[in-house]
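Residue strings, one per chain:
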There are 2 protein chains.
Amino acid sequence: VLAPLFEAVPNFSEGRDASKISRITQAVRAVSGVRILGFHSDPDHNRSVLTFAGQEDRVLAGAIALAKACAAELDLASQSGEHPRMGVLDVLPFVPLEGATMNDAVRLANRAGESLGSFGFSVYLYGSAATTQHRSSLPDIRRGGYEGVASRFRDPMWKPDYGPSTLDPHIGAVAVGARPFLVAFNAYLDTDDVEVARTVARQIRESGGGLPAVRALGFGVGGKAQVSMNLTDLEQTAVPVALEAVRSAAADLGASVESTELVGLAPLEAVLQTARYYLGLRELDAHHVLESNLYGQPDSRSS
Amino acid sequence: VLAPLFEAVPNFSEGRDASKISRITQAVRAVSGVRILGFHSDPDHNRSVLTFAGQEDRVLAGAIALAKACAAELDLASQSGEHPRMGVLDVLPFVPLEGATMNDAVRLANRAGESLGSFGFSVYLYGSAATTQHRSSLPDIRRGGYEGVASRFRDPMWKPDYGPSTLDPHIGAVAVGARPFLVAFNAYLDTDDVEVARTVARQIRESGGGLPAVRALGFGVGGKAQVSMNLTDLEQTAVPVALEAVRSAAADLGASVESTELVGLAPLEAVLQTARYYLGLRELDAHHVLESNLYGQPDSRSS
């Protein structure tokens, strides 16, 4: 039996002080069973993003350790940056990985939210974990940053899901949520005309009546028109299906795809789907991949 | 630092007696650090194939444990079967996996050969480990089975690479070698005409002047013409390149590819190559795959 795995992608409000950042991330690294997948600090926004993964209890322990370290190391009252921060730990999304469902991630978000609430964070659940429609989107929750949250705090529509009855000015609020894994996939066109990329993006994205679970924007990058996509559910729209839609829409405008790129991590299934699609494979899953058998999950090793 | 990994695919001469088979495979399972990837017994050929993998010393220990168990459990003098066996442990190929080179596998084959020779096996090195050209192919070494080996034993051309000065009639000889990982990839055509598959196979395989590191045969399988391929070096010919060659050769004969299948295990790189090829990806390697970061090699976990 495979233990479900989760990813956490916390954003915390410190991107400049290396020693504080180090102590905060070290708090997560010290949690056994947690694997760090990525880290990025942004001094301009004075903000850092840590990505880590593991089984539910391990990710929960990592998130709690991180929140406590943020509360101990940072003080929102003296923090500044371009990003509209609302707390020392600003956003804490949980993503279901192998073996986990979105419902599992919602449960994990609630467990984390309850725990963070118990030591002073005002917690708003968002995304799939949201308890009400008007609080499902992150921008809505943190509109106006800390000051905005503070001004809405007594409004029953904005009573936090977990946490103290008053907003702590040093710790602030945190949005804790559940969301799908995002595959960031970009296609570069053989034109420098950004309008072509924008038109393609409008046609293929879900909001324009295109492919389900696809968000897309057109940009100019390095002198090339780029269609930048987020695929939020590979079961609904796989990478090759998105690419073929871009190729088709671009061809209607006299353009073609020169190259593509996957930004960040992609699940193995994204690559397997692509091979199945183009090779016409009768079947191909992770069990057919040598490395999955060599390593696999720690729990599945006793084969 | 990643520790190089190896696969061993020993064939031993027992495919009927379940308790003997169980004791032999159990000897390998008992070796720590060895992961069993597959097992297949064939009663008609009275022969079994075990596939296992691990780091060099672990695979070596597994191979030695297997050889000792074969010598203890089996007796070639009382063994029979359709396959032209020459020893209780008949063939022992080592395959370089992640982080390992063919030279590493040749060294491992020599270590295993020397050890097996020291406890009674007459060892012929074959494949990339062969010490002379006329002994590089497996069929040449085991021509005539045990009796053939016995008749050639005093010929200086057939002096074993390792082992005793006389051939043990109970243990026999073993071919110990190093060979590349084989990807078995089949394409089914939209015709029942096996001749079409045979013609395509002749055109695309290396021996017919086609693609390097590709072996191919045409068969009729389930009423469909099948082009059955072994890809022995994905750096020379990747899966999508082989498929496109089949598609092109089939099209010249008025046929097309209906579906494909990967038989057994394929390395992750085979799938990544396919995605790169068809998506036009600027780059994609194992580091971009979420699961590779989640699990990876045990030694690389301390990230």
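Anything mentioned here points back to the structure above.
Conventions and cut-offs
Residues numbered from 1 in each chain as written. Chains lettered and ligands numbered in written order. Predicted model: local features only at pLDDT ≥ 70, side-chain atom pairs only at ≥ 80, totals over all residues. Heavy atoms only, no water. Patch = residues over 30% accessible without salt bridge, like charges linked within 9 Å, V, L, I, M, F, W, Y side chains within 5 Å. Areas by Shrake-Rupley, 256 points an atom, 1.4 Å probe, with all protein chains shown as cover. Salt bridge = Lys/Arg side-chain N within 4 Å of Asp/Glu carboxyl O. Helix = DSSP H or I, 4+ residues; strand = E, 2+ residues; numbered from the N terminus. Buried < 20%, exposed > 50% of the residue type's maximum accessible area, 1.4 Å probe, protein only. Least-squares fit on C-alpha atoms with pLDDT ≥ 70 in both. Contact = heavy atoms within 4.5 Å. Core = buried A, V, L, I, M, F, W, Y, C linked by side-chain atoms within 4.5 Å. Phe/Tyr/Trp six-rings, centres within 6.5 Å; stacked < 30°, edge-to-face > 60°. Pairing = 2+ DSSP bridges. Axes fitted to C-alpha atoms, helices over the stretch in contact; angles between N-to-C directions. 1 Å grid on protein atoms, 1.4 Å probe; cavity = no way out; pocket = protein on both sides within 12 Å on 5 of 7 lines; lining within 4 Å. Points joined across faces, edges and corners; volume = space filled by probe spheres on them. Buried area = accessible area lost by both parts, 1.4 Å probe. Polar contact = N/O pair within 3.5 Å; in protein donor to acceptor, adjacent residues only side chain to side chain. Expected span 1.5 Å × (residues − 1).

### Description of a nonpolar patch on the surface
All names here are of chain A. Taken together, the side chains of Leu217, Phe219 and Val221 present a nonpolar region at the surface, about 240 Å² in accessible area. Mapping Phe219 onto the fold places it in strand β9 (residues 214-221). Overall, Phe219 belongs to the partly exposed group, its relative accessible area being 36%.

### Some thoughts on the relation of the copies chain B and chain A
If you rotate chain B by 179° and push it 0.0 Å along the axis, it lands on chain A with an RMSD of 0.1 Å. Given the turn and translation reported, the copies of this chain are related as if by a two-fold rotation axis. Both copies share a contact surface, since 100% of the interface residues of chain B are interface residues in chain A too.

### Description of the side chain of Thr51(B)
Mapped onto the elements, Thr51(B) comes out in strand β4 (residues 47-55). A relative accessible area of 15% means that Thr51(B) is categorised as buried.

### Concerning the nonpolar core
Counting 97 residues, the largest nonpolar core has Ile204(A), Met229(A) and Met229(B) as the members making the most contacts within it. Ignoring any residue separated from it by four or fewer positions in sequence, one finds Met229(A) in contact with Val183(A), Ala184(A), Phe185(A), Asn186(A), Ala187(A), Ile204(A), Arg215(A), Ala216(A), Ala242(A) and Val246(A).

### Looking at the packing of aromatic side chains
Residues and elements named next belong to chain B. Scanning the entire structure with this criterion turns up seven aromatic pairs over all chains. On the basis of an interplanar angle of 85° and a centroid distance of 5.9 Å, the ring pair of Phe119 and Phe121 is categorised as edge-to-face. Assessed through its relative accessible area of 24%, Phe119 is described here as partly exposed. Judged by relative accessible area, which is 0%, Phe121 ranks as buried.

### A short note on the sheet that holds strand β11 (residues 257-263) of chain B
Sheet strands pair by backbone hydrogen bonding; their relative direction is either parallel or antiparallel. All names here are of chain B. Read from one edge to the other, the open sheet built from four strands follows the order β9-β10-β8-β11, with strand pairing classed as antiparallel. Among the strands making up the open sheet, the edge pair consists of β9 (214-221) and β11. Each adjacent strand pair in this sheet contributes to an overall mean axis angle of 20°, direction not counted. Here strand β8 (residues 183-189) pairs with β11 via six bridges, running antiparallel. Its bridge partner being in β11, Tyr188 is matched across the sheet by Ser259. Packed on one face of the sheet, helix α7 (residues 239-252) meets β8, β10 (224-231) and β11 and runs near 25° to β8.

### Concerning the sheet that holds strand β10 (residues 224-231) of chain A
Residues and elements named next belong to chain A. The sheet built from four strands is open, its strands ordered β9-β10-β8-β11 with antiparallel pairing. A single partner strand is all that each edge strand has here, and the edge strands are β9 and β11 (257-263). The sheet shows a mean angle of 20° between the axes of neighbouring strands, direction not considered. For strand β8 (residues 183-189) and β10, the ladder comprises six bridges, and the chain directions are antiparallel. Pairing of Asn186 across the sheet is with Ser228, part of β10. Of the strands in this sheet, β8, β10 and β11 touch helix α7 (residues 239-252), which is tilted by about 25° from β8.

### Some thoughts on the layout of surface pockets
All names here are of chain B. Quantified by volume, the second largest pocket comes out at close to 690 Å³. Residue lining of the second largest pocket: 18 residues in total, with Val9, Arg179, Leu182, Ala184 and Asn230 positioned closest to the centre. Elements with a contribution of two residues or more to the lining of the second largest pocket: β3 (35-42), β4 and β8.

### A short note on the interface of chain B and chain A
With 50 residues of chain B at the contact, the number on the chain A side is 50 residues. Carbon and sulfur atoms supply 60% of the area that chain B and chain A bury against each other, a total of about 4300 Å² over both sides. A per-residue breakdown of the area chain B buries against chain A is headed by Arg35(B), Leu279(B) and Tyr295(B), which together make up 18% of the total. In this assembly, chain B and chain A are joined by zero salt bridges. Taken together, the links from chain B to chain A amount to 20 residue pairs in polar contact (both at pLDDT 80 or more).

### Regarding the environment of Gln26(B)
By the element assignment, Gln26(B) lies in helix α1 (residues 18-29). Here the alpha-carbon distance between Gln26(B) and Leu234(B), two residues 208 residues apart in the chain, equals 33 Å.

### Digging into the pairing of strand β1 (residues 5-8) of chain A
Residue and element names in this part refer to chain A. Alternating positions in β1 separate into two faces, Leu5 and Glu7 on one and Phe6 and Ala8 on the other, with burial throughout. With four bridges joining them, β1 and strand β4 (residues 47-55) adopt antiparallel strand pairing. When the sheet's bridge partners are listed, Phe6 is paired in β4 with Gly54. Across three bridges, the pairing between β1 and strand β5 (residues 89-96) is antiparallel. Each residue of the ladder has a partner; that of Phe6, found in β5, is Pro96.

### Regarding α7(B)
Taking 1.5 Å as the rise per residue, α7(B) with 14 residues should run 20 Å; its terminal C-alpha atoms sit 20 Å apart, in good agreement. Taken together, the buried residues of α7(B) touch α8 (268-279) of chain A together with β8, α6 (194-204), β10, β11 and α8 (268-279) of chain B. Immediately beyond the C-terminal end of α7(B), within one or two residues, lies Gly254(B), with a positive phi of roughly 80°.

### Here we look at unusual backbone geometry
It is generally the case that most residues other than glycine have a negative phi and that most peptide bonds are trans. Residue and element names in this part refer to chain B. In this structure, Asn46 is a non-glycine residue whose phi angle is positive, near 50°. Considering the arrangement of structural elements, one finds Asn46 in the loop between β3 and β4. Within the chain, Ala213 stands out as a residue other than glycine whose phi angle is a positive 60°. Position of Ala213 among the secondary structure elements: in the loop between α6 and β9. For Ala213, a relative accessible area of 5% gives the class buried.

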